[in-house]
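Coordinate analysis (summary)
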Amino acid sequence: QVQLVESGGGLMQAGGSLRLSCVASGRTFIPVMGWFRQAPGKEREFVAAWITAPISYADSVKGRFTIAKDNAKNTLYLQMNNLRPEDTAVYYCAASNSYPIRAGAAYWGQGTQVTVSS
């Protein structure tokens, strides 16, 4: 079992920055981790993924968001710069034994709300 706890969400003005954190506990050696988000009325969508290094970003966040991992702290990060109102969503951390991360074959955190005002 893997437990994931996200933090760092909040309210930010457009153009601002936030850093999300996801602390993993339990079976902490799990090779694939990533961030997803779900906006109101929309399906959950992929944001970024990590396998020993950043491997993929959604086109909508490339150049603005950076995924990183501190193995010593079992923590995954998502640095979000130049935030836009369309980035408003609940952000979820995910962990999986395979890539791409599939909803039914991954561990999920409870989510953290990010709201960007214009």
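Residues numbered from 1 in each chain as written. Predicted model: local features only at pLDDT ≥ 70, side-chain atom pairs only at ≥ 80, totals over all residues. Heavy atoms only, no water.

Across all of its chains, the model carries one disulfide by this definition. Disulfide pairing is shown between Cys 22 and Cys 93; the S-S distance is 2.1 Å. Here Cys 22 and Cys 93 share a disulfide; its torsion about the S-S bond, -75 degrees, makes the bridge left-handed. Of this pair, Cys 22 sits in strand S3 (residues 18–26) while Cys 93 sits in strand S9 (residues 89–96), and the two are 71 residues apart along the sequence. We classify Cys 22 as buried; its relative accessible area is 0%. Since its relative accessible area comes to 0%, Cys 93 is described here as buried. (Disulfide = S-S within 2.5 Å. Helix = DSSP H or I, 4+ residues; strand = E, 2+ residues; numbered from the N terminus. Buried < 20%, exposed > 50% of the residue type's maximum accessible area, 1.4 Å probe, protein only.)

A few words on the pattern of salt bridges. Inspection of the entire model under this criterion finds four salt bridges. For the salt bridge of Arg 37 with Glu 45, the shortest nitrogen-to-oxygen distance reads 2.6 Å. The class of Arg 37 is buried, set by a relative accessible area of 5%. Salt bridges linked by common partners bring Arg 37, Glu 45, Arg 64 and Asp 87 together as one network. (Salt bridge = Lys/Arg side-chain N within 4 Å of Asp/Glu carboxyl O.)

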